[in-house]
Amino acid sequence: MPADFPTWDRVYAFFRRWRDHRLITEFHDRLRNRVRESEGRETEPTAAIVDSQSVKAATSVPAPSRGFDGAKNINGRKRHFIVDCLGLLLMVLVTPADVTDRDAVWGMLPHLLARHRTIQLVWADGGYVGRLVDWATNKLHLTLEIVKRSDDMRGFVVLPRQWCVERTLSWLMRSRRLARDYETRPATSEAVVHWSMAMLMGRRLARRRT
């Protein structure tokens, strides 16, 4: 802990209280609204982008909450992100790495619409194709638009709209705590993501104010 902080157990007691009562999420969301207003946007978005990120897990991560992502060859956890068109975080879910993108978003979308009723369109990459698209249209009245690579594309290609969430992932990876998952509980991992985004947004608002 930094020298000017209290003892670690007191700091962790505050963190645990804020996490369990979702105060960290509320603080993050209020900052996001301020950033959107400063960019000339409405506080509530009408569109979003979804993607996932697999990260290796430290030995402190228990076996029941970790898995193996065969596509990325990673043993650890997977972070599922939904962001707005500015790349600001709307929702994050941490699961074992073997949970598919479709299965995770299946449970995330209803909660997303409960929090942000104005969202009408969500962009996703080819990993989300299948019955999920029809289910979102018929059950949630939400358009899930798949952004695919064309067959003649070679190497790295910037896909429309998907670059917004990819940029968010690069922002988050500047936080050393997020380079690997060290947390015993997935809820703590999600809280650390919110803290990292809160620091990024706070710096952005401070620069604009200056």
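Right above here is the structure, for reference.
These remarks concern the structure in this document. Note that this is a predicted model, so its numbers are computed, not measured. Residues take numbers from 1 onward in each chain, read along the sequence in its written order. Where local features are concerned, this predicted model is filtered to residues with pLDDT of at least 70; where side-chain atom pairs are given and counted, the filter is 80 or more; whole-chain, interface and lining totals use all residues. Hydrogens and water molecules were not included; the side-chain quantities draw on all heavy atoms of the structure.

Next up on the list: the overall build of the protein. When helices and strands are counted, the protein shows six helices and six strands. In this text, helices come from DSSP runs of H or I with a minimum length of four residues, and strands from runs of E with a minimum of two, each type numbered from the N-terminal end. Going from N to C terminus, the protein has its helices and strands arranged as α-α-β-β-β-β-α-β-α-β-α-α. Scaling as 2.2 N^0.38, a compact globule of 210 residues should have a C-alpha radius of gyration of about 17 Å, and the protein matches this with 18 Å. Here the term buried applies to any residue with accessible area under 20% of the maximum for its type, exposed to any over 50%, and partly exposed to those in between, with areas from a 1.4 Å probe on protein chains only. Expressed as a percentage of its 210 residues, the buried residues of the protein come to 45%. Contacts are residue-level and defined by heavy atoms, with any inter-residue pair within 4.5 Å sufficient. Taking the intrachain contacts of the protein between residues at least 6 apart in sequence as the baseline, contacts between residues at least 24 apart amount to 62%. Note on areas: these come from Shrake-Rupley sampling with a 1.4 Å probe, and a residue is covered only by the protein chains present in the view. For the protein, the computed accessible surface area is about 12000 Å², with 52% contributed by carbon and sulfur atoms. Radius of gyration: over C-alpha atoms. The globule rule applied is 2.2 Å multiplied by the number of residues raised to the 0.38 power.

The N-to-C vectors of helix 1 (residues 8–20) and helix 6 (residues 186–209) enclose an angle of 95°; their axes lie 10 Å apart at closest approach. Comparing the axis directions of helix 1 and helix 6 gives the class roughly perpendicular. Two secondary-structure elements touch here, helix 1 through F15, W18 and R19 and helix 6 through A187, T188, A191 and W195. Each residue gets one of three labels, nonpolar for Ala, Val, Leu, Ile, Met, Phe, Trp, Tyr, Cys and Pro, charged for Asp, Glu, Lys and Arg, and polar for the others, Gly among them. Across the contact of helix 1 with helix 6, the residue classes tally to five nonpolar, one polar and one charged. Every axis corresponds to a line fitted to the C-alpha atoms, with the helix fit spanning only the stretch in contact, and the corresponding angles, defined between N-to-C directions, vary from 0 to 180 degrees. Any angle between 65 and 115 degrees counts as roughly perpendicular, while under 35 counts as roughly parallel, over 145 as roughly antiparallel, and the rest as oblique.

The next thing to look at is the layout of surface pockets. Here the largest pocket defines a volume of roughly 770 Å³. A 1.4 Å probe that fits but cannot get out identifies a cavity on a 1 Å grid over protein atoms alone, an open set with protein on both sides within 12 Å along at least five of seven lines counts as a pocket, and a residue lines either if it has an atom within 4 Å of a point. Along its surface, the largest pocket is lined by 25 residues, and M1, V11, F15, V192 and W195 are the ones closest to its centre. Of all the secondary structure elements, the ones that give two or more residues to the lining of the largest pocket are helix 1 and helix 6. Counting residues per element, the lining of the largest pocket draws most heavily on helix 1, at eight residues. Within the lining of the largest pocket, the residues separate by chemical class into 15 nonpolar, four polar and six charged. Grid points are joined across faces, edges and corners, and a volume is the space filled by probe spheres set on the points.

Let us look at the pattern of salt bridges. The rule for a salt bridge is simple: a side-chain nitrogen of Lys or Arg has to be within 4 Å of a carboxyl oxygen of Asp or Glu. Evaluated as defined, the whole model comprises eight salt bridges. The partner of R30 in a salt bridge is E26, with the nearest N and O atoms 2.7 Å apart. Linking R30 with E26, this pair stays in helix 2 (residues 23–38), spanning four residues, or about one helical turn. Its relative accessible area of 36% is what places E26 among the partly exposed residues. The salt bridge partner of R177 is E183, with a shortest N-O separation of 2.8 Å. Owing to a relative accessible area of 47%, R177 belongs among the partly exposed residues under this scheme. The structure contains a network of salt bridges with shared partners spanning D69, K78 and D101.

A word on the pairing of strand 6 (residues 143–146). The sheet contact formed by strand 5 (residues 121–124) and strand 6 spans four bridges and is parallel. Counterpart to W123 in the pairing with strand 6 is E145. Between any two strands, at least two bridges found by DSSP are needed for them to pair.

Moving on to empty space enclosed by the protein. Taken as a whole and judged by the stated rule, the model has one cavity of 30 Å³ or more. Lining the largest cavity, in full, are R79, R177, L178, R180, D181, Y182, E183, S189 and V192.

Two rings from Phe, Tyr or Trp (for Trp, the six-membered ring) form a pair when their centres are within 6.5 Å of each other. A pair whose planes differ by under 30 degrees is stacked, one over 60 is edge-to-face, and the rest are tilted. Within this structure, the stated rule accounts for five aromatic pairs. Lying over the aromatic face of F14, R17 brings its terminal NZ or CZ to 5.0 Å of the ring centre. Remark: a charge is flagged as sitting over a ring if the NZ atom of Lys or the CZ atom of Arg is within 6 Å of the ring centre and within 35 degrees of the ring normal.

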